[in-house]
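Read off the chains here:
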Amino acid sequence: MPNRSQTLFAAAKNVIPGGVNSPVRAFRNVDGEPFFVDHAEGCRIRDVDGKEMIDYVGTWGPAILGHAPAAVREAIVSTAQHGVSFGIPNPLEVEIAEKIVEWVPSVEKVRMVNSGTEATMTAIRLARGYTGRDLIIKFQGCYHGHVDSLLVSAGSGALTHGKPDSAGIPKDFAALTLSLPFNDEAAVRDAFLKYPDRIAAVILEPIPANAGLIFPRPGYLAFLREITRQHDSILIFDEVMTGFRLAKGGVQEITGVIPDLTAMGKVIGGGLPVGAFGGKAEIMNHLAPLGPVYQAGTLSGNPLAMAAGLAQLRELERLDGYRKLEAAGAQFEETTRAALKKAGKNYTLHRVGSMFCLFFTEAPIFSVEDVKKADFAAFNRFFWACLERGVYFAPSQYEAGFISLAHDEEAIARTAEVVAECLQA
Ligand SMILES: *Cc1c(COP(=O)(O)O)cnc(C)c1O
């Protein structure tokens, strides 16, 4: 007898390509089928068959307070009493813009969109429109959403399916994207030597989190800041994942390296579909209606989405969230390292704040090429063994994990027990 998830997935496959609305959800990388969720609250999710799991995916990043926090739920419900969409300015748009400008060092002006993909797509268009140049540099393993010119050597979903480039993207588009190895200064220097005044922008995840979790080498971000400045290129930080997750102002606050433009998303929407991009006013003023770079959105600045995002940001502040997330992350790292030791494994564990990745290799990780050397079969066995015991990690070695404010000491301690057992699987 198939269970309810299996029955639903069979039905989904008849009417939705692959049964999912986003490819990683299909669990293909771990050779299985997804479960369907009935309920998510705090650090736990329950599937439609009644199985409960401690969740380290957190809806792929947004659920930083845990699932369905009361403050966010209440904000959505009370805002909905006034209407659910206006298509004309509403006060919440001003409030969230002011908050973002206050929190994110590079942002003087910001525009709200509906996804991280829209944010990076428009940041690229704006950089090209502002500089009058066509070429962009991106880095292998960095994922910036499913934007045509950025789906070149992208991370997670694209990697997982063994197709770094998507069909349907004209070669001429991809030809405008220079895809370079991450953490390799010489490669960037060479590109600027070859095209000294043709590169509109350099875009990167300042801490890449879509090919595992990769750290920039010391000085690398400052180097990118310097070389883009020298060549009048726009430096774009894609902080869709790291923004509002690692600190109020993301990686730029932590490192002090300030980009020209920043793409945001995930945490900023409180679980509703929100993205944003912002930066220097001088550049942002090139957007319509002030300037020649067109961008628009029927649902952009949607009141429910703005209310959810604002409520989430305010809760983070009220609860001293970033300090607590660091403490929870530190506990997670310590107990996971102990579990690794107990299991006699010397795997590489990366952790920053509330983000982590356990690589099934002992080798150091500096680029996506290093991640590819991991033992994927061992990862798959580990993933399923953990899931069976009620711990849900992301279904791919190429994904980072997320801890939320709802992951209490007991949940993290229980996770470590499960990890120790499952490392032997
Ligand atoms: C998730 C993500 C995106 C895409 O955001 P969507 O909302 O899925 O379109 C872009 N960049 C980074 C770094 C991301 O993690």
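All figures in this text were calculated on a predicted structure; none of them were measured in a lab.

Before going further, it helps to examine the pattern of salt bridges. Applying the stated criterion across every chain, the model contains 18 salt bridges. Between D370 and K373 there is a salt bridge, and its shortest N-O distance comes to 3.4 Å. Looking at D370, the relative accessible area reads 15%, which means it is buried. Relative accessible area serves as the criterion here: at 60%, K373 is assigned to the exposed category.

Moving on to the pairing of strand β5 (residues 135–139). Burial analysis of β5 places 5 of its 5 residues in the buried class, the great majority of the element. The two faces of β5 match: L135, I137 and F139 on one face and I136 and K138 on the other face are all buried. Summarising the sheet, β5 and strand β7 (residues 199–204) pair through 3 bridges and their orientation is parallel. Within the sheet, the bridge partner assigned to I136 lies in β7 and is A201.

So, about the sheet that holds strand β1 (residues 37–41). Pairing is mixed in the open sheet, where 4 strands are placed in the order β1-β2-β3-β13. Only two strands of the sheet have a single neighbouring strand rather than two, namely β1 and β13 (391–392). The pairing of β1 with strand β2 (residues 44–47) spans 4 bridges and is antiparallel. Its bridge partner lying in β2, H39 is registered against R46.

With that settled, the discussion passes to the side chain of T120. For T120, the position within the fold is in helix α4 (residues 116–131). T120 has contacts with H144, V147, L150, I203, D238 and A263, leaving out every residue within four places of it along the chain.

What follows concerns the site of the ligand. Every residue close to the ligand is listed here: S115, G116, T117, Y143, H144, G145, E205, N210, D238, V240, M241 and K266. Within the backbone of Y143, an N or O atom sits 3.3 Å from a nitrogen atom of the ligand. Residue K266 places a side-chain N or O atom 2.6 Å away from an oxygen atom belonging to the ligand. Relative to its unbound accessible surface of 380 Å², the ligand loses 83% to contact with the protein. Of the residues assigned to the shell around the ligand, the class counts are 3 nonpolar, 6 polar and 3 charged.

A word on empty space enclosed by the protein. If a probe the size of a water molecule is rolled over the atoms, the empty space left behind becomes visible. Evaluated as defined, the whole model comprises 4 cavities of 30 Å³ or more. Within this model, the largest cavity holds a volume of roughly 160 Å³. Around the largest cavity, the lining comprises 16 residues; the ones closest to its centre are F356, L358, F379, F382 and F393. Those elements giving two or more residues to the lining of the largest cavity turn out to be α12 (321–342), β12 (355–359) and α14 (376–388). When residues in the lining of the largest cavity are grouped by element, the largest group, 3 residues, is from β12. Looking at side-chain class alone, the lining of the largest cavity contains 11 nonpolar, 4 polar and 1 charged residues. There is about 50 Å³ of room inside the second largest cavity. For the second largest cavity, the full set of lining residues is G42, C43, D55, G58, A63, G66, H67, R245, F402, I403, S404 and H407. Across the lining of the second largest cavity, the residue classes tally to 4 nonpolar, 6 polar and 2 charged.

Before going further, it helps to examine the sheet that holds strand β6 (residues 177–180). An order of β4-β10-β9-β8-β7-β5-β6 is seen for the 7 strands of this open sheet, with the pairing classed as mixed. Unpaired on one side and paired on the other, β4 (109–113) and β6 mark the two borders of the sheet. The sheet shows a mean angle of 20 degrees between the axes of neighbouring strands, taken without regard to direction. Bridge analysis of strand β9 (residues 261–264) against strand β10 (residues 275–279) gives 4 bridges, and the strand direction is antiparallel. Counted as the bridge partner of T262 is G278 from β10. With respect to the sheet, helix α3 (residues 91–103) is in contact with β4 and β9, its orientation differing from that of β4 by roughly 125 degrees. In this fold helix α8 (residues 220–230) packs onto β5, β7 and β8 (234–238), with an angle of close to 145 degrees to the strand it touches most, β8.

Next up on the list: the layout of surface pockets. Approximately 540 Å³ is the volume attributed to the second largest pocket. Together, 20 residues line the second largest pocket, and R25, F35, V37, W60 and Y392 are the ones closest to its centre. A class-by-class count of the residues in the lining of the second largest pocket yields 13 nonpolar, 5 polar and 2 charged.

What follows is about the environment of A307. Tracing the chain through its elements places A307 in helix α11 (residues 303–318). With a relative accessible area of 5%, A307 lands in the buried category. Excluding its chain neighbours within four sequence positions, the residues that come into contact with A307 are A75, T79 and L92.

Bringing the packing of aromatic side chains into the picture now. Evaluation of the coordinates by the stated rule reveals 22 aromatic pairs. For the ring pair Y56 and F332, a centre distance of 5.5 Å and an interplane angle of 50 degrees mean the geometry is tilted. Pair noted here: Y56 is in the loop between β3 (52–55) and α2 (70–80) and F332 is in helix α12, with a separation of 276 residues, a long-range link. By relative accessible area, which is 3% here, F332 ends up buried. Over the face of the ring belonging to F366 we find R217, whose NZ or CZ atom lies 3.8 Å from the ring centre.

Analysis parameters
- Residue positions are given per chain, counted from 1 along the sequence in the order it is written.
- Residues qualify for local features only when their pLDDT is at least 70, as the model is predicted, and side-chain atom pairs are given and counted only at 80 or more; totals for whole chains, interfaces and linings, by contrast, use all residues.
- Think of the side-chain values as coming from all heavy atoms in the structure, minus any hydrogens and water.
- We count a salt bridge whenever a side-chain nitrogen from Lys or Arg sits within 4 Å of a carboxyl oxygen from Asp or Glu.
- In this scheme, a residue with accessible area under 20% of its type's maximum is buried, one over 50% is exposed, and one in between is partly exposed, where area comes from a 1.4 Å probe on protein chains only.
- Labels follow the DSSP assignment, with helices taken as runs of H or I lasting at least four residues and strands as runs of E lasting at least two, numbered in each case from the N terminus.
- For two strands to be treated as a pair, DSSP must find no fewer than two bridges joining them.
- Only heavy atoms enter the contact rule, under which two residues are in contact if any of them lie within 4.5 Å.
- For each residue, the test is whether any non-hydrogen atom lies within 4 Å of the molecule or strand; if one does, the residue is near.
- Pairs of N or O atoms are called polar contacts if they sit within 3.5 Å, as long as, within protein, a hydrogen donor faces a hydrogen acceptor (for residues adjacent in sequence, only side-chain-to-side-chain pairs).
- Reported accessibility uses the Shrake-Rupley method at a 1.4 Å probe radius. Residues are deemed covered only where the shown protein chains occlude them.
- Ten residues, namely Ala, Val, Leu, Ile, Met, Phe, Trp, Tyr, Cys and Pro, are considered nonpolar, four, namely Asp, Glu, Lys and Arg, are considered charged, and the remaining ones, Gly among them, are considered polar.
- Grid points spaced at 1 Å and placed over the protein atoms alone form the basis of the search, with a cavity being a set where a 1.4 Å probe fits but cannot get out and a pocket an open set showing protein on both sides within 12 Å along at least five of seven lines. Lining residues have an atom within 4 Å of a point.
- Grid points are joined across faces, edges and corners, and a volume is the space filled by probe spheres set on the points.
- Comment: axis = line fitted to C-alpha atoms, over the contacting stretch for helices; angle = value between 0 and 180 degrees taken between N-to-C directions.
- Each pair of aromatic rings taken from Phe, Tyr and Trp, with Trp reduced to its six-membered ring, is defined by centres within 6.5 Å and is described as stacked if the planes are under 30 degrees apart, edge-to-face if over 60, and tilted in the remaining cases.
- The rule is short: NZ of Lys or CZ of Arg within 6 Å of the ring centre and within 35 degrees of the ring normal puts a charge over the ring.

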